[in-house]
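For reference, the chains in residue letters:
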Number of protein chains: 2
Amino acid sequence: MHSHDLFHSLHQLSRHLTNKLNEVLKPMGIYGSQWAVIYVLKKKDSLTQKELCDYLFVEAPPMTRTIQRLVKQGYVRQVPGQDKREKHIQLTDEALKQYPNWEQAVTELNQTLLSQLPKTSQEELFNLQNYWLNQLL
Amino acid sequence: MHSHDLFHSLHQLSRHLTNKLNEVLKPMGIYGSQWAVIYVLKKKDSLTQKELCDYLFVEAPPMTRTIQRLVKQGYVRQVPGQDKREKHIQLTDEALKQYPNWEQAVTELNQTLLSQLPKTSQEELFNLQNYWLNQLL
DNA sequence: TAAAAATAGTTACCTAGGTAACTATAAGGT
DNA sequence: ACCTTATAGTTACCTAGGTAACTATTTTTA
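Scoring rules and cut-offs
Position labels on residues start from 1 in each chain and follow its written sequence. Whichever chain is written first is A, and whichever ligand is written first is 1; the rest continue in order. Under the rules for a predicted model, residues below a pLDDT of 70 receive no local features and side-chain atom pairs below 80 are neither given nor counted, while totals for whole chains, interfaces and linings still include all residues. Hydrogen atoms and water are omitted, and side-chain values are computed over all heavy atoms in the structure. In this text, near means that some heavy atom of the residue lies within 4 Å of the molecule or strand in question. Between N or O atoms, a polar contact is any pair within 3.5 Å; within protein, one atom must be a potential hydrogen donor and the other a potential acceptor, and residues adjacent in sequence are included only when both atoms are from side chains. Secondary structure elements are defined from DSSP: runs of H or I of at least 4 residues count as helices, runs of E of at least 2 residues count as strands, and each element is numbered from the N terminus. Nonpolar residues are Ala, Val, Leu, Ile, Met, Phe, Trp, Tyr, Cys and Pro. Charged residues are Asp, Glu, Lys and Arg, and all others, Gly as well, are polar. Working definition: with a 1.4 Å probe on protein chains only, accessible area under 20% of the residue-type maximum means buried, over 50% means exposed, and in between means partly exposed. Directions drawn from the helix axis to the C-beta atoms are what define this arc. What makes two residues a contact is simply this: any of their non-hydrogen atoms within 4.5 Å. As a working definition, buried area equals the accessible area (1.4 Å probe) given up by two parts on being put together, with both sides summed. We define a salt bridge as a contact between a side-chain nitrogen of Lys or Arg and a carboxyl oxygen of Asp or Glu at a distance within 4 Å. By convention, a stacked pair of Phe, Tyr or Trp rings (six-membered ring in the case of Trp) has centres within 6.5 Å and planes under 30 degrees apart, an edge-to-face pair has planes over 60 apart, and any other such pair is tilted. Two conditions define a charge sitting above a ring: the NZ of Lys or the CZ of Arg must be within 6 Å of the ring centre, and it must be within 35 degrees of the ring normal.

The name that an unreviewed UniProt entry assigns to chain A is MarR family transcriptional regulator, with the source organism given as Neobacillus massiliamazoniensis.

Structure, rendered in structure tokens:
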């Protein structure tokens, strides 16, 4: 096994999964990057853009774009914070109404994608990825 | 473990590695996508764009762009095939001259990135990725 | 063999995500 | 208090990769 192959297959796998995600979300009118933000906001309730960036491991500029699109679609609102530099991002009622649909679509996709991979392998893969990622940061 | 987390960590890991690769290649004047093409061409000698797409699992349009950049930089040439639709892509002497530098930089990076991950884990990760990828295609 | 379908590659345009340079606000050091 | 530095977010522009629509060839088929 050459190290190149390991990186190559990881890259391919990631792209394949991203494509599948966008395919499923397309008819629901949102993109994968938007779903990632929505998913976090559902769990955390209200976060600044900085916090979203840190959590999702994304730079500020793409986050600005993703949020602006979500604002335009009415799924998110930006509330000015006490610190006037900050913007607190929250899901709108419209987003909360749509959430179960999005969640179901994504969960079904994930199950389909993982159906051929035994549970123990899933755990193993997840642990290896996380261990490696933590070592790298 | 939620399936979302597995996909999320895979996505993060992939992005992190891509960023590191581009960081290392930047001073050498090429990008990660270009390196992927060069690496394949070094092994296979001459391939059509279609064959490169299939091998790297990439759609035709981005491949066209990557190759056009490589042509402009003088690292690759497009030889018309017997089938006049095809273009056979080959490394130039200039690319072959630079290759060892690129190869060394990438190999060193890979070793650094993998240094904290035990050999057995590397194999395990590689096998899981490939197994899953094959199931999905 | 002429018309239809498939294939290789390109162009135009989209999202995803990165850096650099900028603005506006907040925090610290003197 | 004032000036410097740090931080949150935006804007502009770059690469990576995707789809749709197109051109130019080749292959199939009627």
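Once the structure has been displayed, the description carries forward.
Around DNA strand D, the structure places 28 residues, and the nearest of them are Lys50 and Thr64 of chain A together with Ser33, Arg65 and Arg69 of chain B. What you see for DNA strand D is that sugar and phosphate hold 72% of its atoms within 4 Å of the protein. Between DNA strand D and Thr64 of chain A there is a distance of 2.6 Å, counted from a phosphate oxygen to a side-chain nitrogen or oxygen. Interatomic distance of 2.8 Å between a side-chain N/O atom of Lys87 of chain A and a phosphate oxygen of DNA strand D. For the surface near DNA strand D, the secondary structure elements donating two or more residues are helix H1 (3–25), helix H3 (49–56) and helix H4 (60–72) of chain A together with helix H2 (32–44) and helix H4 (60–73) of chain B. By residue number, the principal contributor to the surface near DNA strand D is H4 of chain A, which donates five residues. For the surface near DNA strand D, the class distribution of residues is six nonpolar, ten polar and twelve charged.

Of all the residues in helix H3 (residues 49–56) of chain B, the buried ones are Gln49, Leu52, Cys53 and Leu56 of chain B. In a view along the axis of H3 of chain B, the buried residues occupy a sector of 100 degrees, so they form one face of it. On its buried side, H3 of chain B packs onto H1 of chain A together with H2, strand S1 (46–48), H4, strand S2 (76–80) and strand S3 (87–91) of chain B. Positive backbone phi, approximately 65 degrees, marks Phe57 of chain B, located one or two places after H3 of chain B.

Chain B puts 47 residues into the contact, and the matching count from chain A is 47 residues. Of the roughly 4900 Å² buried between chain B and chain A on both sides combined, carbon and sulfur atoms contribute 69%. Three residues stand out in chain B for area buried against chain A, namely Met1, His4 and Trp132 of chain B, and they jointly supply 13% of the buried area on that side. Taken together, the links from chain B to chain A amount to zero salt bridges. Our count for the contact surface shared by chain B and chain A stands at twelve residue pairs in polar contact (both at pLDDT 80 or more). Residue assignment for the side of chain B that touches chain A shows that the elements contributing at least two residues are helix H1 (3–25), H2, H3, helix H5 (93–114) and helix H6 (119–136) of chain B. Here the element with the most residues in the side of chain B that touches chain A is H1 of chain B; it accounts for 16 residues.

Okay, the packing of aromatic side chains next. In this structure the tally under the stated criterion is eight aromatic pairs over all chains. Judged by centre distance (5.9 Å) and plane angle (65 degrees), the ring pair of Phe7 of chain B and Trp132 of chain B falls under edge-to-face. Taken together, the residues Phe7 of chain B in helix H1 and Trp132 of chain B in helix H6 connect sequence positions 125 residues apart. A single burial state applies to Phe7 of chain B and to Trp132 of chain B, both of which are buried. Through successive ring pairs, a cluster of aromatic residues spans Trp35, Tyr39 and Tyr99 of chain A. The ring of Tyr99 of chain A has Lys42 of chain A lying over it, and the distance from NZ or CZ to the ring centre is 4.7 Å.

A few words on the environment of Gln49 of chain B. All names here are of chain B. Assignment of secondary structure puts Gln49 in helix H3. Residue Gln49 is classed as buried on the basis of its relative accessible area of 16%. Between the alpha carbons of Gln49 and Ala60 there is a distance of 7.6 Å; along the sequence they are eleven residues apart. For Gln49, the contacting residues outside a window of four places in its chain are Met63, Thr64, Ile67, Gln78, Lys87 and Ile89.

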